[in-house]
Amino acid sequence: MTAHLATSFVNYTPAADAHGGEKSAFLALSPRALALKQALEHFVEFECIPAEPIYHSQLGKVGTEERWKNIPPIMEHLKSRAKALGLWNLFLPFYYPEGPGLTNLEYAVLCEITGRCHLAPEATNCAAPDTGNMEVFAKYGTPEQKAKWLTPLLNGEIRSAFAMTEPGVASSDATNIETHIARDESTKEYVINGRKWWTSGAGDPRCKVYILMGKTDTSAAPHRQQSMIIVPAGLKGITVVRPLTVFGYDDAPHGHCEIIFKDVRVPFANVLLGEGRGFEIAQGRLGPGRIHHCMRSIGMAERALAIHVLRATDPARRTFGKVLAQHGSMGEAIAISRAEIDQARLLVLAAADRIDRGGKAGAKMALKEIALAKVVVPSMTLRVIDRAIQAHGAAGVCQDTPLAYMYAGMRTLRIADGPDEVHLASIAKAELRRAANLRGHSDKQKEISAGLVAKL
């Protein structure tokens, strides 16, 4: 591996310090990763962020069909620039031959940079849900499935969606999923019936494939009932009911859609890994996806803090004869944000490092570390954004800054890919499993102490 966690935590300043601090005793980046970091910083800061108003002006008007048909031309321009700069498909780890050969730890530093601009992940072909779906195809797909779906996804020619969550059950427990996948032996096809929602990416006209989770055998053990099926978009029986909004934002043309699958047929060859393996695939997919979200969230928090600092030091913004930063509470809020971001970043980097040390099984080996990051990072980012909003007053909750949109998107992350409560329960179980060892350790300490006292 070309990046590693060192034993000292001194002077670690990744994307947080875009203009210096390249040498670190904490994180050793390979020359290649360092060059990518520098190129990506320049691309995001001076090409993607300046393009944000152009992107939004090129979207179709809200409430019209064009809203879900128009792909802003500026995005294709940014994608071509990212390809030319070698900033493409950076997410796929070193143990996949289709990837660029980076470690998860190296990508953590790069992914944070893309989190500073909501255009950057798609521009670099590192956006969800495509990244998770591409990793599923890379890890579990047959050569035929890879040729048909992975290759065009890696080339940025199509987009994809992941259909798992359902409106009629508590989907945070995936064993509750009700979508039924029946075998029709006469035609060698699966017949799919169910209703999904929050199928992110399904609104995009470039979305050509769904990975769907449903039940193929309700009589099997609870975690062996589910399978994952490749469903080409546009098949007979698929109805996109509506796009769902996030605090009023529709996230067009990407969208988060409610979809009905009624007697949708796909060949047996479209099953991933085999029947009854859906839960296994879900864990393999969601682990890296969760940590990618956390990586980007750190970048979002950094941008929110930068916006906060600029507002606090704006000479045109004075109250009681002072700029905002000269009031003690404002400086305190900025300091707390800095401390919280740096603390959370350590959790993300530790999780990425743990995944690397486990290879292809790394996500499974790093369940606790991923859960810790997934709980801590979104809440931290929300607090940082909220402080920045407060510093802007009414301007902070309107469209004149990116803060309101950041807040809306980040609030969903405390629910998406598993709510906080599920991850906290997982962390608690891991800690409580230590009880017997801790008790034995404590008893030994007491025994030694009693022996010392007896000698007095």
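Structure first, text after, so check above.
These lines cover the structure that appears in this document, whether it is placed above or below. Quantities reported herein were computed from a predicted structural model and do not represent experimental measurements.

Focus on the overall build of the protein
- Secondary structure summary: the protein contains 13 helices and eleven strands in total.
- Overall, the protein is about 80 × 75 × 40 Å in size when its C-alpha atoms are taken along their principal axes.
- Put simply, 72% of the contacts in the protein that link residues at least 6 apart link residues at least 24 apart.
- For the protein, the accessible surface area stands at approximately 20,800 Å², while carbon and sulfur atoms represent 57% of it.
- Charge separation in the protein, taken as the distance between the mean sites of 54 positive and 47 negative side-chain charges, equals 3 Å.

Notes on the packing of aromatic side chains
- This model, assessed by the stated rule, comprises six aromatic pairs.
- Residues Phe94 and Tyr95 carry aromatic rings whose centres are separated by 4.8 Å and whose planes lie at 75° to one another, so their mutual orientation is edge-to-face.
- According to the relative accessible area criterion, Phe94 is partly exposed, its value standing at 31%.
- By relative accessible area, Tyr95 is classed as buried at 16%.
- Taken together, the ring pairs connect Phe94, Tyr95 and Tyr96 into an aromatic cluster.
- Geometry around Trp88 places Lys83 over its ring, the cationic atom sitting 4.7 Å from the centre.
- Directly above the ring of Phe268 sits Arg183, whose terminal nitrogen or CZ lies 4.1 Å from the centroid.

Focus: the state of the cysteines
- Overall, the coordinates contain zero disulfides when judged by the stated rule.
- Cysteine Cys111 shares no disulfide, and the gap to the nearest cysteine sulfur, in Cys126, comes to 7.1 Å.
- Exposure remark for Cys111: the relative accessible area of 0% places this residue in the buried category.
- Among the residues examined, Cys126 registers a relative accessible area of 1% and is labelled buried.

Brief notes about the pairing of strand E4 (residues 180-184)
- Examined bridge by bridge, E4 and strand E5 (residues 189-200) share five bridges and lie antiparallel to one another. Each bridged residue has a counterpart across the sheet, and for His180 the counterpart in E5 is Asn193.

Section: empty space enclosed by the protein
- Applying the stated rule across the entire model yields two cavities of 30 Å³ or more.
- Its volume calculated, the largest cavity comes out at about 60 Å³.
- Considering only enclosed or pocket space, the second largest cavity measures out at about 40 Å³ in volume.
- Contributions of two or more residues to the lining of the second largest cavity are made by helix H5 (130-140) and helix H7 (278-312).

Notes on the packing of H7 against helix H11 (residues 403-412)
- Where H7 meets H11, the axes come as close as 11 Å, and the angle between the chain directions of the two elements is 150°. Taken together, the axes of H7 and H11 lie roughly antiparallel to each other. H7 and H11 meet at a crossing whose hand is left-handed. Judged by residue contacts, Ser297, Met300, Arg303, Ala304 and Ile307 of H7 engage Leu403, Met406 and Met410 from H11.
- Taken together, the residues that form the contact of H7 with H11 break down as six nonpolar, one polar and one charged.

Comments concerning the environment of Asn176
- Relative to the helices and strands, Asn176 resides in the loop between strand E3 (159-163) and E4.
- The class for Asn176 is partly exposed, based on a relative accessible area of 30%.
- Here the alpha-carbon distance between Asn176 and Lys215, two residues 39 residues apart in the chain, equals 9.6 Å.
- Look past the residues within four positions of Asn176 in its chain and what remains in contact with it is Val169, Ala170 and Lys215.

Here we look at the packing of helix H10 (residues 367-392) against helix H12 (residues 420-432)
- Direction vectors running N to C along H10 and H12 enclose 140°, while the axes themselves pass 9 Å from each other. It follows from the interaxial angle that H10 and H12 lie oblique. In the crossing of H10 with H12, the sense of the turn from one axis to the other is left-handed. Taken together, the residues of H12 that come into contact with H10 (itself represented by Lys368, Ala371, Leu372, Lys374, Val375 and Ser379) are Asp420, His423, Leu424, Ile427, Ala430 and Glu431.
- Looking at the contact of H10 with H12 residue by residue, the class counts come to six nonpolar, two polar and four charged.

Side note on the pattern of salt bridges
- Counting across every chain of the model gives 34 salt bridges.
- Among the salt bridges present, the one from Glu76 reaches Arg206, with a minimum N-O distance of 3.5 Å. Of this pair, Glu76 sits in helix H2 (residues 73-84) while Arg206 sits in the loop between E5 and strand E6 (207-215); the two residues are 130 residues apart in sequence, bridging distant segments of the chain.
- Given a relative accessible area of 38%, Glu76 falls into the partly exposed group.
- With a relative accessible area of 15%, Arg206 lands in the buried category.
- Counted as one network, the salt bridges with shared partners bring together Glu76, Lys79, Glu122, Asp130, Arg159, Asp204 and Arg206.

The rules behind these values
Residues numbered from 1 in each chain as written. Predicted model: local features only at pLDDT ≥ 70, side-chain atom pairs only at ≥ 80, totals over all residues. Heavy atoms only, no water. Helix = DSSP H or I, 4+ residues; strand = E, 2+ residues; numbered from the N terminus. Contact = heavy atoms within 4.5 Å. Areas by Shrake-Rupley, 256 points an atom, 1.4 Å probe, with all protein chains shown as cover. Lys, Arg positive; Asp, Glu negative; His and termini not counted. Charge placed at Lys NZ, Arg CZ, Asp CG, Glu CD. Phe/Tyr/Trp six-rings, centres within 6.5 Å; stacked < 30°, edge-to-face > 60°. Buried < 20%, exposed > 50% of the residue type's maximum accessible area, 1.4 Å probe, protein only. Lys NZ or Arg CZ within 6 Å of the ring centre and 35° of its normal. Disulfide = S-S within 2.5 Å. Pairing = 2+ DSSP bridges. 1 Å grid on protein atoms, 1.4 Å probe; cavity = no way out; pocket = protein on both sides within 12 Å on 5 of 7 lines; lining within 4 Å. Points joined across faces, edges and corners; volume = space filled by probe spheres on them. Axes fitted to C-alpha atoms, helices over the stretch in contact; angles between N-to-C directions. Parallel < 35°, antiparallel > 145°, perpendicular 65-115°, else oblique. Left-handed = near helix turned anticlockwise from the far one by under 90°. Nonpolar A, V, L, I, M, F, W, Y, C, P; charged D, E, K, R; others polar. Salt bridge = Lys/Arg side-chain N within 4 Å of Asp/Glu carboxyl O.

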